[in-house]
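# Tertiary structure, described
One letter stands for each residue in the lines below.
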Amino acid sequence: MTTLVVCLDRTDDVGRKTGLRSPVVGWEAVRALVTDVGLADPEDSGVNTLLESLRVAQNLRDENEEVVVAVVSGDHESMVSADRAVAEQLDDLIADHEPDSAVVVTDSAEDERLIPIVESRVRVDSVDRVVVRQARDIESTYYLLKQFLADEELRQTVLIPIGLTLLVFPLLATTVGPAEGAAAITTVIGLFLLYKGFNVDELLTRLARQTRESLYSGQVSVVTYVVAAGLTFVGLFVGALGVSNLGETPGVVIPAMQFAYDSIPWLAMAALTASAGRLLDEAIRDDPIRSSFLNLPFIVVAVSLVVRGFSAYFLEQQDVIGQFVVPANEFLIFSNERFVMGTGERLALFVVSAIVISLVGARIAAAVSGSSDAADRTDGGSDPELTDGGADTTPDASEERTR
């Protein structure tokens, strides 16, 4: 069994310092190379790498293995030419010595990039990385920083915010004060962390893709979503306008109830418009309409009634709005006199109406989905028990086929 102990030098440090051309093959040649490199640059870690290659080769010889030790160098002009030079030298070594396996010795993360080239030509049993003991922590930190800077996503995520902070903080400190500047920068950093933590960028990308697909496919929901967005803005404006008309009101409960009371009808119309668009898309596609889409409008109306009822209850308790008056009406044989509903009666009416509407919606959704399933079973063809058997096995049918 022949083992190739190969020392990798991607940037050709050995060739530049000694003037020798690689590959350098053989025990004596590599040992002489150690002296040449050490005299040229005693502080170079390549000396330790060459000595480690000789040590590994000596240990393998002590185990009665046939060993070939070699030093393979690349090219310092470009990484592509360096990798190709290493590949050519490895091909020559493998053709001359025909090793069964290889042990790779390196001293840097840069040299370890050559390991896949070695693995593509011969089986690699071990990778021996040499780190100088006196500088182990510094060396490891250097490689970690180098790998970190090589990752574009991490670099943009970490270095850009730090750089902007260092640039903006002095400007804010000189204009508005150190405390205000630190507060503003902390707020921006917090928003950025929340942006990354909740994957807002992925959500926006997915939303943009779905919007583009909807536009290209001509879905009705695109128009209804735009209308729903407009109604939502109107509802927020109406709610804010109602809060501004309250004047000086202590606390936040009454303003919040006023905002909900004024905005909930517009927000409910926005939700109904959006759900109507989804229902139309499902109907146009001729696919069975899911029960969740059918039940959604009823749920929206029920929740809106509950929110409207409770907000009206609190506002009426504080005399912000008047009592609910039912005027006198006459319709055919039905008639009622004018009466005023109390606060509790008004809340009960809204809650009961919401429960009834939600039950009706659930019933309608179940009925429609059940009829769709029945239609699918009807269109599906024959009974699976009959089709699974293949042929009719009744005695009459058997006798008829025999005849």
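The structure displayed is predicted, hence computed values, not measured ones.

About the cut-offs
Residues numbered from 1 in each chain as written. Predicted model: local features only at pLDDT ≥ 70, side-chain atom pairs only at ≥ 80, totals over all residues. Heavy atoms only, no water. Helix = DSSP H or I, 4+ residues; strand = E, 2+ residues; numbered from the N terminus. Expected span 1.5 Å × (residues − 1). Bend = angle between axes of the 7 residues up to and from the residue. Axes fitted to C-alpha atoms, helices over the stretch in contact; angles between N-to-C directions. Parallel < 35°, antiparallel > 145°, perpendicular 65-115°, else oblique. Left-handed = near helix turned anticlockwise from the far one by under 90°. Contact = heavy atoms within 4.5 Å. Nonpolar A, V, L, I, M, F, W, Y, C, P; charged D, E, K, R; others polar. Core = buried A, V, L, I, M, F, W, Y, C linked by side-chain atoms within 4.5 Å. Buried < 20%, exposed > 50% of the residue type's maximum accessible area, 1.4 Å probe, protein only. pLDDT = per-residue confidence, 0-100. Pairing = 2+ DSSP bridges. Salt bridge = Lys/Arg side-chain N within 4 Å of Asp/Glu carboxyl O.

### Concerning helix α8 (residues 152-175)
Taking 1.5 Å of rise per residue, the 24 residues of α8 would be expected to cover 34 Å, and the 34 Å separating its terminal C-alpha atoms lies within 8% of that figure. If you look at α8, its biggest bend is around 25°, right at Val 168, and the proline Pro 170 turns up within four residues after that. Once α8 ends, the next one or two residues include Gly 177, with phi positive near 115°.

### Some thoughts on the packing of α8 against helix α9 (residues 178-197)
The contact between α8 and α9 brings their axes to 9 Å, and the two run at 160°. In this view, α8 runs roughly antiparallel relative to α9, as classed from their interaxial angle. Relative to α9, α8 is oriented so that their crossing is right-handed. Listed contacts from α9 to Thr 157, Pro 161, Thr 165, Val 168, Phe 169, Leu 172 and Ala 173 of α8 are Pro 178, Gly 181, Ala 182, Ala 184, Ile 185, Ile 189, Phe 192 and Lys 196. In the contact of α8 with α9, the residues fall into 11 nonpolar, 3 polar and 1 charged.

### Considering the side chain of Thr 224
Turning to its location among the elements, Thr 224 is positioned in helix α11 (residues 221-244). For Thr 224, the contacting residues outside a window of four places in its chain are Thr 273, Ala 274 and Gly 277.

### Looking at the nonpolar core
Of all hydrophobic cores here, the largest spans 20 residues; its most connected members are Val 5, Val 30, Leu 33, Val 37, Leu 50, Leu 60 and Val 71. Elements with a minimum of two residues in this core: β1 (2-9), α2 (27-40), α3 (46-62), β3 (66-73) and β4 (101-106). Contact partners of Leu 50, with chain neighbours within four places excluded, come to Cys 7, Val 30, Leu 33, Val 34, Val 37 and Val 71. With 18 residues, the next largest nonpolar core counts Val 6, Ala 70, Ala 87 and Ile 94 among its residues.

### Observations concerning the confidence of the model for the chain
Averaged over the chain, the pLDDT score is 79; the fraction of residues at 70 or greater is 81%. Note on residues 381-403: pLDDT under 50 across the span, and 4 contacts to partners over four residues away in sequence or across chains.

### Side note on the sheet that holds β4
Taken in spatial order, the 5 strands make up an open sheet running β2-β3-β1-β4-β5, and their pairing is mixed. A strand with exactly one partner marks an edge of an open sheet, and here the two such strands are β2 (24-25) and β5 (124-129). As paired elements, β2 and β3 share 2 bridges and run antiparallel to each other. Looking across to β3, one finds that Val 25 is bridged to Ala 70. Those strands touched by α3 are β1, β3, β4 and β5, and its axis lies near 175° from that of β1.

### Things to note about the pairing of β4
On any regular strand, side chains alternate: one points to one face of the sheet, the next to the other face. Most of β4 is tucked away, with 6 of its 6 residues classed as buried. Neither face of β4 is exposed, since Ser 101, Val 103 and Val 105 on one face and Ala 102, Val 104 and Thr 106 on the opposite face are all buried. Alignment of β1 against β4, held across 5 bridges, turns out to be parallel. Looking at β4, one finds that Val 5 is bridged to Val 103. Relative to β5, β4 runs parallel, the two sharing 5 bridges. In the strand pairing of β5, Thr 106 is matched with Arg 129.

### Describing the pattern of salt bridges
A complete count under the given rule lists 11 salt bridges for this structure. Notably, a salt bridge pairs Asp 41 with Lys 17, separated by 2.9 Å at the nearest N-O pair. Taken as a pair, Asp 41 in the loop between α2 and α3 and Lys 17 in helix α1 (residues 13-18) lie far apart in primary sequence, 24 residues in all. Asp 41 gets classed as partly exposed once you look at its relative accessible area, which sits at 23%. By relative accessible area, which is 29% here, Lys 17 ends up partly exposed.

### Some details on the environment of Gly 46
With respect to the secondary-structure elements, Gly 46 resides in helix α3. When the C-alpha atoms of Gly 46 and Asp 13 are compared, they prove to be 7.9 Å apart, with 33 residues separating the residues in sequence.

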